[in-house]
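Structural overview
Below, each chain spelled out in residue letters.
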Amino acid sequence: MAAASWYHRDISRVVAEELLAKAGRDGCFLVRDSESVSGAYALCLLFQRHVHTYRILPDDEGLLSVQTIQGIQAKCFRNLPDLIGAYQQPNNGLVTPLLYPVHRARQAADEDSDGEDGRGGRHVASTVPAGGAGAGAWLGAPVAGRTHISQQLHQRLQEQVHSSPASDFMGFMAEYLNHHLQLDLEALRHGHPQLRHLSTALVTACRALHRRIDFTLAGLETLARVFDPPVSPRSPAREQVSPGHRSPRPPAGASDPDLELLLNKISTVNHLLSSLEKKVLKSLQETVSRHNLALPSVAAAPPPAAKPLAVQSFEVKVGKSQRAALMVDVESGTVAISKRGSGSPEETIPQDKILQLIKYQSVQSKVRLVYDREPQRNLSKDFIFPSARKREAFCQLLQLMKIQHSNLDEPDLISVYVGTWNMGSTPPPRSLASWLTSRGLGRTQDETTACIPHDIYVIGTQENSLGDREWVEFLRASLKTLMAIDYRVVALQCLWSIKIVVLVKPEHERRISHVHTSSVKTGIANTLGNKGAVGVSFLFNGTSFGFVNCHLASGSEKTHRRNQNYSDILRSLVLGDKRLGAFDLTLRFTHLFWFGDLNYRLDMDVQDILVHITKKEFEALLAVDQLNLEREKNKVFLRFSEGDISFPPTYRYERGSRDSYMWQKFKPTGMRINVPSWCDRILWKSHPETHVVCNSYGCTDDIVTSDHSPVFATFEVGVTSQFVPKKAPGSGPEPLACIEWESIEVIVKTASRSKCYIEFHSYCLEEAQRSGENTSQSCDVPGFLKLGWSAKHLPVLNPILPDLEYLGDQHLLLSIKGVESCESYGECCIAMRSMISSMAQQFETFLFHRGEETGSMRGWMKVRVPKDRRSTRERLYEWISFEEEDAEPVADALTCPKPPLQHLRSRPHSLPEPASGYTNPAYFIFEGVP
């Protein structure tokens, strides 16, 4: 059947409603894929400013019908066009006939890594599914009028596309079969066997191969010339063959000249590769023989033995002027304080006597140490370090000391390294030390902590030309050299040259479970893997992690395309617990890290950018950074965090140096400008009331093989273990904790009037629960629906364990779903820790769906815990707190009796504050604002 413009594939409900609202006429309609049932569709119809959604379901025979209420006979159709045609007639059960189709916008093709592919605007055409599940695949069904030969070939391509390792290449072939095969068949019928359209498709598909071969061939020829025998001054000069003139042009009437040239190039590469090893070996043998040299045997250097961490010394200021030194001995678990010039410590504090470390926000280099000196007495001292980086190094060493001497069976805190690098299709240098130890520019690790090994390394690359196994072993060898640890591979996922590798310390290998990997293509028509994303997810004991490495569309003008890439990845990556598959990807994990070559550029004249970079005026550039601007508009990365950027743009450098940017690139069609930009980024999003602190965020300044600089970030992340109740079960009934709701109010962005219910998910529940239908409903503000639930229509939830220590680490995921469509209007996450009380506590949060903010929720709830299950313990990361106000203490002053230190703790700066309002003005109808 012919492509139908009213079929919009897998657009979201929100986008569908926006398209219908723009059309604005009663009877406007479109069809999209159902979000709740695989293989089904949603018919969206506008009537009286409200969108009515009808589910189109396939039966066992693949026949399609509009879902009806019980007792009404369903009308069945063989395909969507027949169904739509029938419902364009009146009196068919819809609120109004289907009158005005809303057309699908054509999607422009993506480009290559530099935005210079030159493929034009061709893409795989969207086709209407013929029937049931799986019929919405991009390859589609044969178009009307296709001959029997064309149908056979199209069927073969469909069979091959999922099994062939070169399935991405088939996007070009699908376009050829859809649009140009008939023309070649017609030409063949008239005696012209050149298959001109097939040749054009192959040339287009192989254009990137031309450039790669030119690059490789030039290098091989250069290397071959190095080992050529010296030319005698009397002998004629050897003929110089330029890459562009290696073979004569084929005669007229032969096959396409571009294809002929490519074949000649491949033949030349094949010859050079097969002869180069012999040539080098012969040259070296002649050298050894001529100079009577002996070739030394090269023995592999043994890996360095693990060494205990040396005692680290910090120069500090105590009080207003007194100088002192702090000596941190991680191995022995002590901190020694000595006056400047004194040989012996004035005071030595064992790690178990250190009660709290308070980091001041107002003075970034200042810290307060609270420790136990006498029975029932605490002492506090303030220290000012030479820099904020030195303070952070001191705090990290104390944290490491606490961990090593904690005697815990399972960790409360781990360190996570995340790195991203567009390698520019060039092999890496021998050493990646600066990248893997977070040294260079920006917020970097201090030399005292740079070589402390992290628990998890997650490394994402783009345009990585190395083989998968070769790259993994190179990373493991690099870490073994630096850290003397043989890291284990948790996962490797690749999509063309986009790769993600997760490595973990050997002692943590048993703590990793439920590993999942996935990839999404966002290249041309979302079928080519030159752009896209790879992801890995797993559980570390009881904490879920997700990691996404992506390479988005290039070009300064492609902001909207990059946003769409992000949305496609968010919707299509299959990671995490399958039971949470209906939830927004950003809500499925305790901690989600998203990084890669995001390709967002700076919206400023290139000369102005260069001036700001020279003056290190990064704030002015960050104000015009496309990613920041799109995040401010809630277009992408909603509620994600990113570390402060204090390093220069990481793209586009001159290869071999970091002294200058190569912002000009000349093409046959003219000069292209690639402005210096922060293309390479690392962001993260965590569940509320969890612990995650970014300790470094920067780039290297000594890895120069690519036009991108490698970027790194390190994190301190709180984790939970599989909880074991301390109280043994008795013979009587176990007391239950319960989660009770007093009321919930929701406002969602929708033009629908559908009744809704709430689904409740949590790892602390045996199974998902659902509420009754909403008890109140209004749509006073156009485009928004306000819903309410009373306590009677909300379920009482009973967690599987009643212990306070366990419940304080749990979260609830809520989804607002339509009663008729079962599709989500938005999802959210609520932390149970602050809801534990005998009195109802208020909560409010945002709703998300498929990467968009779709509304808000607020209400009253409480988590009741039995009295004999209220014991808990302090986590290792809780002894470090943050203080906004800089209250000057009296030196060596005795403070109030221990242990109450809770009043000193404040929220870590990296954690988002509780929502105090709603970003969309319409949400203020909660407060009665018109």
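On a predicted model such as this, the values are computed, not experimentally measured, just so you know.

Some remarks on the overall build of the protein chain
Summing up its helical and strand segments, the protein chain has 15 helices and 37 strands in all. Here the protein chain holds 930 residues, and the buried ones make up 50% of them. Nonlocal contacts in the protein chain, meaning residues at least 24 apart in sequence, comprise 67% of its contacts between residues at least 6 apart. When the accessible surface of the protein chain is summed, it comes to about 43,700 Å², and 54% of that surface belongs to carbon and sulfur atoms.

Brief notes about the pairing of strand β28 (residues 738-749)
Relative to strand β36 (residues 852-864), β28 runs antiparallel, the two being bridged by 10 bridges. Of the residues in β36, the one forming a bridge with Ser 743 is Trp 860. Note that β28 and strand β32 (residues 784-790) share 7 bridges and pair antiparallel. Each bridged residue has a counterpart across the sheet, and for Lys 749 the counterpart in β32 is Phe 784.

Let's talk about a nonpolar patch on the surface
A cluster of nonpolar side chains, Phe 666, Met 671 and Ile 673, forms an exposed patch at the surface whose accessible area comes to about 320 Å². Looking at the element boundaries, Ile 673 is found in strand β24 (residues 670-673). Residue classification places Ile 673 among the partly exposed positions, given a relative accessible area of 39%.

Brief notes about empty space enclosed by the protein
As enumerated under the stated definition, the model contains 3 cavities of 30 Å³ or more in all. Put simply, the second largest cavity is a space of about 60 Å³. If you go around the second largest cavity, the residues you meet are Lys 359, Glu 392, Cys 395, Gln 396, His 691, Val 693, Asn 695, Glu 716, Ile 880 and Phe 882. Examining the composition of the lining of the second largest cavity, we find that 3 residues originate from one element, helix α8 (residues 388-404), more than from any other. Residues of the lining of the second largest cavity, tallied by class, amount to 4 nonpolar, 3 polar and 3 charged.

A short note on the packing of aromatic side chains
According to the stated counting rule, one finds 25 aromatic pairs in the structure shown. For the ring pair Trp 741 and Phe 760, a centre distance of 5.2 Å and an interplane angle of 45° mean the geometry is tilted. One end of the pair, Trp 741, is in strand β28; the other, Phe 760, is in strand β29 (residues 756-761), and 19 residues separate them in sequence. For the pair shown, Trp 741 and Phe 760 are each scored as buried. Within the aromatic cluster, the residues linked to one another by ring pairs are Phe 538, Phe 545, Phe 547, Phe 593, Trp 684 and Phe 715. Positioned over the ring face of Tyr 100 is Arg 25, at 3.7 Å from the centre of the ring. If you follow Lys 366 out to its NZ or CZ, it ends over the ring of Tyr 360, 4.9 Å from the centre.

With respect to the sheet that holds strand β26 (residues 692-699)
Ordered in space as β14-β26-β27-β13-β15-β17-β16, the 7 strands form an open sheet in which the pairing is mixed. Each edge of the sheet is formed by a strand with only one pairing partner; in this case those strands are β14 (441-443) and β16 (488-495). Along the sheet, successive strands turn relative to each other by an average axial angle of 10°, direction set aside. Inspection of the sheet shows β26 paired to strand β27 (residues 711-718) by 7 bridges, in the antiparallel sense. Looking across to β27, one finds that Tyr 697 is bridged to Ala 713. The strands touched by helix α10 (residues 468-483) within the sheet are β15 (456-462), β16 and β17 (498-504), with β17 carrying the most contacts at an inclination of about 40°.

Quick word on the pairing of β29
It is a general feature of regular strands that their side chains alternate between the two faces of the sheet. Most of β29 sits out of view: 6 of its 6 residues are buried. With 6 bridges joining them, β29 and strand β33 (residues 811-818) adopt antiparallel strand pairing. Following the sheet pairing, His 761 is matched in β33 by Leu 813.

Some words on helix α12 (residues 606-614)
Considered for burial, the residues of α12 that qualify are Val 606, Ile 609, His 612 and Ile 613. The arc that holds the buried residues of α12, viewed along the axis, is 120°, so those residues lie on one side. Elements that come into contact with the buried residues of α12 comprise α13 (618-622) and β24. Where α12 starts, the residue carrying a side-chain oxygen 3.0 Å from the main-chain nitrogen of Gln 607 turns out to be Asp 605. One or two positions beyond α12, positive phi appears at Lys 616, with a value near 55°.

What to know about the sheet that holds strand β3 (residues 50-58)
Reading across the sheet, the 5 strands line up as β4-β3-β2-β1-β5 and stay open at both edges, with mixed pairing between neighbours. A single partner strand is all that each edge strand has here, and the edge strands are β4 (64-66) and β5 (100-101). Pairing analysis gives 7 bridges linking strand β2 (residues 41-47) to β3, with the strands arranged antiparallel. Bridge pairing in β3 places Cys 44 opposite Thr 53. In the packing of helix α2 (residues 80-87) onto the sheet, the strands contacted are β1 (28-33), β2, β3 and β4, and the crossing angle to β4 comes to about 30°.

Some details on the nonpolar core
One finds Val 416, Ile 456, Phe 538, Phe 545, Phe 547, Phe 593 and Phe 715 to be the most contacted residues of the largest nonpolar core, which totals 47 residues. When neighbours within four sequence positions are excluded, Phe 538 is seen to be in contact with Ile 456, Val 490, Val 502, Ile 512, Ser 513, His 514, Val 515, Thr 543, Ser 544, Phe 545 and Phe 547. Counting residues in each nonpolar core, the second largest holds 34 residues, with Cys 756, Ile 758, Leu 785 and Ile 830 among its members.

Quick look at the pattern of salt bridges
For the structure on display, the rule yields 40 salt bridges. Salt-bridge contacts for Glu 630 lead to Lys 633; the nearest nitrogen and oxygen are separated by 3.0 Å.

Notes on α10
Counted at 1.5 Å a residue, the expected span for α10 with its 16 residues is 22 Å, and the 22 Å between its end C-alpha atoms agrees. Residues of α10 that are buried make contact with α9 (433-436), β15, β16 and β17. Where α10 terminates, the next one or two residues include Ala 484, which has phi positive at roughly 60°.

So, how was this worked out
- Residues numbered from 1 in each chain as written.
- Predicted model: local features only at pLDDT ≥ 70, side-chain atom pairs only at ≥ 80, totals over all residues.
- Heavy atoms only, no water.
- Helix = DSSP H or I, 4+ residues; strand = E, 2+ residues; numbered from the N terminus.
- Buried < 20%, exposed > 50% of the residue type's maximum accessible area, 1.4 Å probe, protein only.
- Contact = heavy atoms within 4.5 Å.
- Areas by Shrake-Rupley, 256 points an atom, 1.4 Å probe, with all protein chains shown as cover.
- Pairing = 2+ DSSP bridges.
- Patch = residues over 30% accessible without salt bridge, like charges linked within 9 Å, V, L, I, M, F, W, Y side chains within 5 Å.
- Salt bridge = Lys/Arg side-chain N within 4 Å of Asp/Glu carboxyl O.
- 1 Å grid on protein atoms, 1.4 Å probe; cavity = no way out; pocket = protein on both sides within 12 Å on 5 of 7 lines; lining within 4 Å.
- Points joined across faces, edges and corners; volume = space filled by probe spheres on them.
- Nonpolar A, V, L, I, M, F, W, Y, C, P; charged D, E, K, R; others polar.
- Phe/Tyr/Trp six-rings, centres within 6.5 Å; stacked < 30°, edge-to-face > 60°.
- Lys NZ or Arg CZ within 6 Å of the ring centre and 35° of its normal.
- Axes fitted to C-alpha atoms, helices over the stretch in contact; angles between N-to-C directions.
- Arc of directions from axis to C-beta.
- Polar contact = N/O pair within 3.5 Å; in protein donor to acceptor, adjacent residues only side chain to side chain.
- Core = buried A, V, L, I, M, F, W, Y, C linked by side-chain atoms within 4.5 Å.
- Expected span 1.5 Å × (residues − 1).

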